[in-house]
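Chain by chain, the residues:
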Amino acid sequence: MEDYHKPDQQTVQALRNIANRLRINCIKATTATGSGHPTSCCSVAEIMSVLFFNTMKYRPEDPKNINNDRFILSKGHAAPALYSMWTETGFLKESELLSLCQVESNLEGHPTPKQQFVDVATGSLGQGLGVACGMAYTGKYFDKSSYRVFCLMGDGELSEGAVWEAMSFASYYQLDNLVAILDINRLGQTDPAPLQHHVEKYHKRCEAFGWHAIIVDGHSVEELCKALSQARHQPTAIIAKTTKGKGIPAAEDKMGWHAKPLPKDMAEGVVKDLQARIMNSSKRLYPATPMEDAPPVSLRNIRMPSAPAYKQGEKVTHTVVAKSFENDTNINFHKVCCFSVSVATGCAARERNVVYASTLASFFTRAYDQLRMAAISESNINLCGSHCGLSIGESVCQPFIHPKHPHYMLLTQPPTITPMNCNLQPTTSQPHPFPSDLTHSGVCYIRTSRPENPIIYSSNEDFHVGQAKVVYQSTEDKVTVIGAGITLHEAMAAAEMLKKERIFIRVIDPFTIKPLDSKTILEHARQTRGRILTVEDHYYEGGLGEAVCSAVVNEQGFTLQRLAVAHVPRSGKPSELLKIYGIDREAICQAIRKMLSGSANAK
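Conventions used here
- Residues numbered from 1 in each chain as written.
- Predicted model: local features only at pLDDT ≥ 70, side-chain atom pairs only at ≥ 80, totals over all residues.
- Heavy atoms only, no water.
- UniProt positions renumbered as here; feature names shortened; annotations may be inferred.
- Helix = DSSP H or I, 4+ residues; strand = E, 2+ residues; numbered from the N terminus.
- Buried < 20%, exposed > 50% of the residue type's maximum accessible area, 1.4 Å probe, protein only.
- Contact = heavy atoms within 4.5 Å.
- Areas by Shrake-Rupley, 256 points an atom, 1.4 Å probe, with all protein chains shown as cover.
- Axes fitted to C-alpha atoms, helices over the stretch in contact; angles between N-to-C directions.
- Parallel < 35°, antiparallel > 145°, perpendicular 65-115°, else oblique.
- Left-handed = near helix turned anticlockwise from the far one by under 90°.
- Nonpolar A, V, L, I, M, F, W, Y, C, P; charged D, E, K, R; others polar.
- Phe/Tyr/Trp six-rings, centres within 6.5 Å; stacked < 30°, edge-to-face > 60°.
- Lys NZ or Arg CZ within 6 Å of the ring centre and 35° of its normal.
- Pairing = 2+ DSSP bridges.

Looking at an unreviewed UniProt entry, the chain carries the name Transketolase, with the source organism given as Hucho hucho. According to the UniProt record, the Subunit (unreviewed entry) comment for the chain reads "Homodimer."

**Student:** Help me get a handle on the overall build of the chain, residues and values and all.
**Tutor:** In terms of regular secondary structure, the chain is built from 18 helices and 16 strands. Residue burial in the chain is summarised as follows: out of 603 residues, 57% are buried. Relative to all contacts within the chain whose residues are 6 or more apart in sequence, the contacts with residues 24 or more apart total 79%. Accessible surface, the chain: about 25300 Å² in total, of which carbon and sulfur atoms supply 48%.

**Student:** So, the packing of helix α3 (residues 45-55) against helix α9 (residues 221-228): which residues are in play, and what are the values?
**Tutor:** Contact geometry for α3 and α9: axes closest at 10 Å, N-to-C directions at 50°. When the axes of α3 and α9 are compared, the pair comes out oblique. You can see that α3 and α9 cross each other, and the crossing is right-handed. Taking contact as the criterion, the partners of Glu46, Ile47, Val50, Leu51, Asn54 and Thr55 in α3 are, on α9, Val221, Leu224, Cys225 and Leu228. Residues of the contact of α3 with α9, tallied by class, amount to 7 nonpolar, 2 polar and 1 charged.

**Student:** Give me the packing of aromatic side chains: which residues, what numbers.
**Tutor:** Summed over the entire model, instances satisfying the criterion amount to 19 aromatic pairs. Consider the rings of tryptophan 86 and phenylalanine 91, whose centres lie 5.7 Å apart with planes at 75°: the pair is edge-to-face. You can call tryptophan 86 buried: its relative accessible area is 5%. The interplanar angle of 45° and the centroid separation of 5.1 Å between the aromatic rings of tryptophan 164 and phenylalanine 209 together place this pair among those described as tilted. Within this pair, whereas tryptophan 164 is found in helix α7 (residues 161-172), its partner phenylalanine 209 is found in the loop between α8 (199-208) and β4 (212-217), the two being separated by 45 residues in sequence. Exposure remark for tryptophan 164: the relative accessible area of 13% places this residue in the buried category. Each residue in the set Phe52, Tyr58, Phe71, Tyr83, Trp86, Phe91 and Phe117 is aromatic and connected to the rest through ring pairs, giving one cluster. Of note, arginine 70 hangs over the ring of tyrosine 147, and the distance from its end group to the ring centre comes to 3.7 Å.

**Student:** How would you summarise the sheet that holds strand β5 (residues 236-241) if you had to cite specific residues and measurements?
**Tutor:** The sheet built from 5 strands is open, its strands ordered β1-β2-β3-β5-β4 with parallel pairing. Of all the strands in the sheet, just β1 (70-73) and β4 have a single pairing partner and so form its edges. Ignoring strand direction, the axes of neighbouring strands in this sheet form an average angle of 20°. Strand direction decides the pairing type here: β1 and strand β2 (residues 149-154), joined by 4 bridges, are parallel. From the neighbouring strand, arginine 70 faces β2, where its bridge partner is valine 149. Here α3 sits on the sheet in contact with β1, β2, β3 (178-184) and β5, set at roughly 175° to β2. Docked against the sheet, α8 engages β3, β4 and β5, running at close to 160° with respect to β4.

Now the structure itself:
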């Protein structure tokens, strides 16, 4: 603390004034819209004041500046407090605060990237610290810059396991550029928080996770200034004991006021009282200017430096590995031990790098809410779910490696998520097929299988989001078959088997399920008299079949049949499971014969 300079009395009073103006603005805004969390805002008033006008270094006229300190409001329901701070900086007009939550306003009830000063959407509690970890990791290991990351959390979300996973991550990677401020205001939505005001217990927990922890009075400007100035060689947790509803006498530390704006007459009285607490001060505070030491980065047109060295016909298995990608900025990939989509979202913020996160496909179900928030955040992250569907075989207990959930989750998410299947089985040196341009916008999910299968495409094949590939065709085709992943190989094998019977089929690899290449599918299906068969290593609900159904629903003269997994699967060899659940090459042949027989009978 030898570098700590105690603020003079004028500075202290100016910070207190900012805190009380925050309370006033939050009360006015939430009362005007009839919605919001004024009591949650009031407990963080001094914290926000000190952070934005005494601690953080940033350019208020340029919120996205790459050198700025980062701020994550994990307790997103206190969004009016964030908007109030940016009003203090002059970036927002005070009149804009009164448009809170109105349909034409970008000041929503929780922070979203519609505002330049918001990097990611927050408010689904427990995720903000993971995002902050990703930002801090990027700052320390990619940018190697002096900017710091601050994350303001509520005590309610400290019951979330994701918070403590993030705590562990930050300690393991020694993120000494990360500060978490815990707003311990005691009260939750309908009950007190589990530890209430036992701040010493929070202190012990944070220290046990390898953090430097400091307990402060969260309404003392002096204590906050001192605590936030401490430099450590580990992540820091400021445990701030606060009062929910501070400054609103009728609501201070009382249940029943969560998410309740003040009635107009009550708000007017409280505002008048708070205005009386604002003392005249000739000192105007400005945020400190950041050091300009973050390197410029361009993520445009990043491509593989060379074509992968595999050959068509070889049998290989999917293995996605970390690999360096090069462009004029020499961006490299780091292999990070991380189980959090939120961390990946933080790494990708402000477009500092291209981010991939991978695990077994079924395990992404754990991160459903993090995926949803990544999509709302318009994050450009890439996810790879391996060992998908029945192809996992007998090596693990099959029922918990579900073939369904990851695709279903992602297909029903906002439009910024693109699920795709890896139908090309790559060598271990090449994570492919990805889009040829590796900087696809939005969340990209790649579903890979485990068994060895023949390579279908040449090593220099281009892949583009939303563009299907026709992998098997003739002028005599009677049915269009659409497969994905392992079922594409089964469909091609079925085509060879049926060819011996003089039955010809067309096989399409959709590549991406969302967006689906409806144009290519409809064009080729018309050439096979509208007959379509989809086959997928997935449940009937929420996968390839339903996507194709949506594409043809308004078309006349189309016949669509679907093969998918109808029951919770069991363990067994992949070939046995494909047969048992009716999605192997024999099942495809049988379904096609039945379709053509039905067509003949109809005639």
